[in-house]
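An overview of the molecular structure
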Amino acid sequence: MGQKKDLTGSEKSKIVRYLAEGCSSLKIAKLLKRDHRTIKRFIQNSQQGCKKRVEKPRRKITAHELRKVKHAAAKMPLATSLAIFQSCNITGVPKSTRCAILRDMAEVRKAERRPPLNKTHKLKCQDWAKKYLKTDFSKVLWTDEMRVSLDGPDGWARNWIGEGQRAPVRLRRQQGGGGVLVWAGIIKDELVGPFRVEDGVKLNSQSYCQFLEDTFFKQWYRKKSASFKKNMIFMQDNAPSHASKYSTAWLARKGIKEEKLMTWPPCSPDLNPIENLWSIIKCEIYKEGKQYTSLNSVWEAVVAAARNVDGEQIKTLTESMDGRLLSVLAKKGGYIGR
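Remember, predicted model here, so these are calculated numbers, not experimental data.

1. Overview of helix 1 (residues 9-20)
For helix 1, built from 12 residues, the straight-helix expectation of 16 Å at 1.5 Å per residue is met to within 8% by its first-to-last C-alpha distance of 17 Å. Immediately downstream of helix 1, the backbone of Gly 22 shows phi near 95°, a positive value.

Structure representation (structure tokens):
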């Protein structure tokens, strides 16, 4: 029986299992056909390496210092633990202790994304809410575009990984991978679209109007009755391609003008219920950290997810407008969330 210096991972696992079953080192050596001294050396080294970790005591923080840290953490929510403690003139505290103290009074959360509303924006939001407070929102067509990428909003995902399991592999693209621009609308309990903007097309005033002509007007609007067209109000945000003189004049020639074209306050995505529809679709197509390998596959996923959105969900979104307008007035034009 020749002596070998190194044991393989499989052999080490077998030694542990045999020891748990009560086998002696000599018997294990015979079962694995290895030198007895090699087996004994592995067992001795394993026992020496399993030293119990000794928890070091935390540096004591006085009640006064703790109050200062709490105040600084509230004042600097995006700062590191080191910056927070330094602002309180508390030094000599290791990172593990700093984080443990902060965990007792706070939690790590992502910063909320909000539009940059100034005083003028808020006044315009209030004026908009007052103007449309008595509007029948079941007649409003809410429209917007959404870009979907191959890897999801953040390009990464976190998962619950069981002990002993490997984390799933995610594709890492050297040059990104691009995405698909999608346009859709909702009115009452109906979904209009979604329609895909041709790859590589940048939506300026001319291409936006041509896109609406080829999709919205030819495939949906032209099928509606004259009474429906007479009462429908068309909503779009203030993107340059939407609010330009060219687009406004083009829509007017289509009969969408004056009171039939809703004015929109600046920096107000939280007021558009279709933004909630985009959230529903993205949660579906990117669930469990799903990624896509082609633009066509992610577009097919968008179509499938949109098909699964029922009329009741859409109706809930469109009927939420009365509450949103009241919230705008209550917050004096401030951000209301979604």
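2. Notes on the packing of aromatic side chains
On inspection of all chains with the given rule, the structure shows 15 aromatic pairs. Relative to Tyr 132, the ring of Trp 128 has its centre 5.7 Å away and its plane inclined at 50°; by these criteria the two rings are tilted. Each member of the pair Trp 128 and Tyr 132 is classed as buried. Ring-pair connections join several aromatic residues into one group, and the members of that group are Trp 183, Phe 195, Phe 211, Phe 216, Phe 217, Trp 220, Tyr 221, Phe 228, Phe 234 and Trp 250.

3. A word on the pattern of salt bridges
Tallying each qualifying case throughout the model produces 7 salt bridges. Among the ionic pairs, Arg 196 bridges to Asp 199, the shortest N-O distance being 2.8 Å. Of the charged contacts, one joins Lys 287 and Glu 284 as a salt bridge, the two residues approaching to 3.3 Å between their closest N and O atoms.

4. A short note on the pairing of strand 2 (residues 179-187)
Strand 2 sits mainly inside the fold: 9 of its 9 residues count as buried. By the alternation rule, side chains of strand 2 split into Gly 179, Leu 181, Trp 183, Gly 185 and Ile 187 and Val 180, Val 182, Ala 184 and Ile 186, which are all buried. Strand direction decides the pairing type here: strand 1 (residues 140-149) and strand 2, joined by 8 bridges, are antiparallel. By the bridge assignment for strand 2, Thr 143 is matched with Gly 185. Summarising the sheet, strand 2 and strand 3 (residues 190-196) pair through 5 bridges and their orientation is antiparallel.

5. Let's talk about the environment of Ile 101
Mapped onto the secondary structure, Ile 101 falls in helix 6 (residues 95-105). Spatially, the C-alpha atoms of Ile 101 and Leu 66 are 8.4 Å apart, while their sequence positions differ by 35 residues.

6. Section: empty space enclosed by the protein
Throughout the structure, instances matching the rule amount to 1 cavity of 30 Å³ or more. As a volume, the largest cavity reaches approximately 40 Å³. Every residue along the wall of the largest cavity is listed here: Leu 117, Cys 125, Cys 267, Ser 268, Asp 270, Leu 271, Val 328, Gly 333, Gly 334 and Tyr 335. Of the residues that constitute the lining of the largest cavity, the class distribution is 6 nonpolar, 3 polar and 1 charged.

7. Looking at the side chain of Thr 135
Within the fold, Thr 135 resides in the loop between helix 7 (119-131) and strand 1. Here the side chain of Thr 135 touches Tyr 132 through a polar contact of 3.1 Å, landing on its backbone oxygen. Beyond its immediate stretch of four places on either side in the chain, Thr 135 contacts Val 140 and Ile 233.

8. Some points on the state of the cysteines
Tallied over the full model, the rule gives 0 disulfides. Take Cys 125: it sits in no disulfide, and the sulfur closest to it among the cysteines is that of Cys 267, at 8.3 Å.

9. Considering the sheet that holds strand 2
With mixed pairing, 4 strands are arranged side by side in an open sheet as 3-2-1-4. At either margin of the open sheet sits one strand with a lone partner, and together these are strand 3 and strand 4 (233-235). Strand after strand, the sheet turns through a mean of 20° between neighbouring axes, direction not considered. Relative to strand 4, strand 1 runs parallel, the two being bridged by 3 bridges. Note that in strand 4 the partner of Leu 141 across the bridge is Phe 234.

10. Remarks on the nonpolar core
In terms of nonpolar packing, the biggest core is built from 40 residues, with Trp 128, Trp 142, Val 148, Met 262, Ile 281 and Ile 285 touching the most fellow members. At the level of secondary structure, the elements contributing two or more residues to this core comprise helix 7, strand 1, strand 2, strand 4, helix 12 (274-285), helix 13 (295-307), helix 14 (311-318) and helix 15 (321-330). Among the elements that line this core, the one with the most residues is helix 13, at 6 residues. In contact with Ile 281, not counting residues within four places along its chain, are Met 146, Val 302, Ala 305 and Ala 306. Leu 203, Phe 217, Trp 220 and Leu 251 belong to the second largest nonpolar core, which has 22 residues in total.

Calculation rules
Residues numbered from 1 in each chain as written. Predicted model: local features only at pLDDT ≥ 70, side-chain atom pairs only at ≥ 80, totals over all residues. Heavy atoms only, no water. Helix = DSSP H or I, 4+ residues; strand = E, 2+ residues; numbered from the N terminus. Expected span 1.5 Å × (residues − 1). Phe/Tyr/Trp six-rings, centres within 6.5 Å; stacked < 30°, edge-to-face > 60°. Buried < 20%, exposed > 50% of the residue type's maximum accessible area, 1.4 Å probe, protein only. Salt bridge = Lys/Arg side-chain N within 4 Å of Asp/Glu carboxyl O. Pairing = 2+ DSSP bridges. 1 Å grid on protein atoms, 1.4 Å probe; cavity = no way out; pocket = protein on both sides within 12 Å on 5 of 7 lines; lining within 4 Å. Points joined across faces, edges and corners; volume = space filled by probe spheres on them. Nonpolar A, V, L, I, M, F, W, Y, C, P; charged D, E, K, R; others polar. Polar contact = N/O pair within 3.5 Å; in protein donor to acceptor, adjacent residues only side chain to side chain. Contact = heavy atoms within 4.5 Å. Disulfide = S-S within 2.5 Å. Axes fitted to C-alpha atoms, helices over the stretch in contact; angles between N-to-C directions. Core = buried A, V, L, I, M, F, W, Y, C linked by side-chain atoms within 4.5 Å.

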